[in-house]
Amino acid sequence: MTGATPLPDGRLLAWYGDDFTGAAAVMEVLSFAGLESVLFFAPPTQAQLSRFPNARGIGIAGTARARSPAWMEDTLPSVFGEMAEYKAAINHYKVCSTLDSTPQIGSIGRACELAMPILSEPDDWHACLVAAPAMQRYQAFGNLFAGVSGTVHRLDRHPVMRQHPVTPMDEADVRRHLAKQTQLPIGLVSITELNTGLAQAALQSERASGAAIVALDCMDESSLVEAGRLIWENRGKRHFCIGSQGIEYALVAYWRKVGLLESVAPPSHPGRVERMAVVSGSCSPITANQIAVAATQGFECIRIDPSKAVDAMVWKNELHRVAALAMSAIGKGHDPLVHTSSGPDDPANVRFNEAIDAAGLPADQVNEAVGAGLGTLLLDLIDKASLSRCAIAGGDTSGHGASMLGLYALTALAPIATGAALCQAHSEKQSLGHLQIALKGGQMGGPEFFQQVRDGGLTP
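Cut-offs used in this document
- Residue indices follow the written sequence of each chain, beginning from 1 at its first position.
- Totals for whole chains, interfaces and linings use every residue, but because this is a predicted model, local features are given only for residues with pLDDT of at least 70 and side-chain atom pairs only at 80 or more, for both listing and counting.
- Side-chain numbers here rest on the full set of heavy atoms in the structure, without hydrogens or water.
- Our working definition of a disulfide is a cysteine sulfur pair at a distance within 2.5 Å.
- The buried label applies to any residue whose accessible area, calculated with a 1.4 Å probe on protein chains only, is under 20% of its type's maximum; exposed applies above 50%, and partly exposed to all values in between.
- The way it works is that DSSP assigns letters per residue, a run of H or I at least four long becomes a helix, a run of E at least two long becomes a strand, and they are numbered from the N terminus.
- Here a helix's expected span is defined as the number of its residues, less one, multiplied by 1.5 Å.
- Whether two residues touch is decided by their heavy atoms; if any such pair falls within 4.5 Å, the residues are in contact.
- Across the chain, bend at a residue is computed as the angle between axes fitted to the seven residues ending at that point and the seven starting from it.
- Here, nonpolar core means buried Ala, Val, Leu, Ile, Met, Phe, Trp, Tyr and Cys residues that are tied together by side-chain atoms lying within 4.5 Å of each other.
- Any pair of Phe, Tyr and Trp rings, taking the six-membered ring for Trp, is counted once the centres come within 6.5 Å. Such a pair is stacked with planes under 30 degrees apart, edge-to-face with planes over 60 apart, and tilted for the rest.
- Salt bridges are defined as contacts in which a side-chain nitrogen from Lys or Arg sits within 4 Å of a carboxyl oxygen from Asp or Glu.

(A) Quick peek at the state of the cysteines. Here the structure, examined in full by the defined rule, presents zero disulfides. Unpaired in this structure, C128 has its nearest cysteine sulfur neighbour in C112, at a distance of 7.3 Å. For C128, a relative accessible area of 2% translates into the label buried. C390 takes part in no disulfide bond, and the closest cysteine sulfur to it belongs to C423, at a distance of 10 Å. Owing to a relative accessible area of 0%, C390 belongs among the buried residues under this scheme.

Here is the structure:
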């Protein structure tokens, strides 16, 4: 292929992740493709930014997925303004590959409305690519599909997403789902058009008809490359897009196809550690299975009662109780794995929701207290046991928990599972400069995920 627009020098891509695990997944795709990238936990200071002078990708991890539109209006414009200062060719609002959002919680539509005036040119189009075949996420004729346990389901029939505790999915059509969250007109370039050379004409038609957001189907490598071409070759001075790390997969695939980016060797294997700790706030059946498998592989699984988080003093005592058990596990040569739930059918989930209702507290407030408490507990274990590796499971838990660790950035270190890499932590605290951490969304990873983190990644 010829006539491709060269990659510019400097910042190539800037992104905001609406949860920490998803934000880290973008960094993973770019870094392992040979494009140095860094993920900050908050908009960085100039001193922090200057420590990564060669970064082609700059990300900011957030918690918008668990927030209200009012929170977004108060918080996101300043973050988007910071991103604009990076002057990246592509600006990306990163969402979950299962579109976790409602008009009330994690509204992707409202976030787009806030970002567009800041991160794009007037009257520009905005690509929406949620599918990522490498993660078993597919989109055909506007409908999103996701794989779990080897079977692909339409999203509204997905065994995890249809019963998600916060954002249950009842609509698989990406356009219809987003239309509940914004009045912005939404178009589509279909899989047929992508695979028959008609994608460019379809995009021009959708733009001419007034579509502000254009969803892109994607089912395989060829449609992934074509989606990447549409985004890269049809951007203006800068382009704002919405989607999963499928955006980065598509761009990398296209850049490689046209010779703008060479393939690189996989990163070196960081090796096994003797001891690590895990905290999990995930209710996913996938995480539940990973916990069960870990229990047979040297991890000591310790339950913590999240219903106690409705009372600050009671929750503090519960954290102290579990921290003592975890330290005892380490003393016996085991890896502590502290978890709130063993899957969606765990009675602990019912007790948690009943406690929230009885206390009359907002659910997001209590969820934040749980995540922050788990992060505080994890930091205590890292300090007392001099741990150099850890993991946090659960999308929202990762955001609230990781924020308590005293870190300001992550860089990708080694692949563990698609969408959940082992990362190197960066902190102003010298004692945390050695820390390696994996952030895992509920649906990510195979059965032996936690063992793979302990071993330092996939077998080289």
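(B) Structural context of helix α4 (residues 108-119). Across its 12 residues, α4 extends 15 Å between first and last C-alpha, which sits within 8% of the 16 Å expected from 1.5 Å per residue. All of the buried residues in α4 are I108, G109, A111, C112, L114, A115, M116 and L119. Buried residues in α4 make contact with α3 (69-85), β4 (90-94), β5 (126-129), α5 (174-179), β10 (213-216) and β11 (239-243).

(C) Structural detail: α3. Given a rise of 1.5 Å per residue, 17 residues ought to cover 24 Å, and the 24 Å separating the end C-alpha atoms of α3 matches this to within 8%. Taken as a whole, α3 carries its principal kink of about 40° at T75; the proline P77 stands between one and four residues after it. Among all positions in α3, only M72, L76, V79, F80 and M83 are buried. Where α3 is buried, its residues touch β1 (13-17), β3 (57-61), β4 and α4. Count one or two residues on from α3 and you reach K87, which has phi positive near 55°.

(D) Examining the nonpolar core more closely. Of all hydrophobic cores here, the largest spans 128 residues; its most connected members are Y93 and W255. Take this core: its biggest share by element is eight residues, from helix α13 (residues 363-385). Not counting residues within four places of it along the chain, the set of residues in contact with W255 comprises L7, L12, L35, W232, L260 and L261. The next biggest cluster of nonpolar side chains, apart from the first, holds 21 residues, and it includes M276, A294, A414 and I416.

(E) Seen up close, the packing of aromatic side chains. Enumeration according to the criterion identifies nine aromatic pairs in this entry. Ring geometry for F80 and Y93: centres 6.2 Å apart, planes at 75°, overall edge-to-face. Here F80 is found in helix α3, whereas its partner Y93 is found in strand β4, with 13 residues between them in sequence. We note that F80, like Y93, is buried.

(F) Summary view of the environment of L155. Tracing the sequence through the fold places L155 in the loop between β8 (151-154) and α5. In this structure the C-alpha to C-alpha distance between L155 and L99, which are 56 residues apart in sequence, comes to 9.1 Å. Those residues in contact with L155 that lie beyond four places of it in its chain are T98, L144, F145, A146, M161, M169 and A172.

(G) Region of the structure containing the environment of P122. Looking at the secondary structure, you find P122 in the loop between α4 and β5. Residue P122 is classed as exposed on the basis of its relative accessible area of 70%. On a C-alpha basis, the gap between P122 and S190 in space is 25 Å, while along the polypeptide they are 68 residues apart.

(H) Highlighting the pattern of salt bridges. What the rule picks out here adds up to 21 salt bridges. Across the pair R67 and E368 runs a salt bridge, and its minimum N-O distance is 3.4 Å. Placement of R67 in the loop between β3 and α3 and of E368 in helix α13 is noted, with a sequence separation of 301 residues between them. In this structure R67 comes out as buried when scored by relative accessible area, which is 16%. Taking the shortest distance from any N to any O, the salt bridge between D335 and R275 comes out at 3.2 Å. Linking D335 in strand β14 (residues 335-339) with R275 in the loop between α9 (246-257) and β12 (277-280), this pair joins segments that are 60 residues apart in sequence. Given the relative accessible area of 0%, D335 is considered buried. Three or more residues joined by partner-sharing salt bridges are found here, namely D19, R65, D100 and D396.

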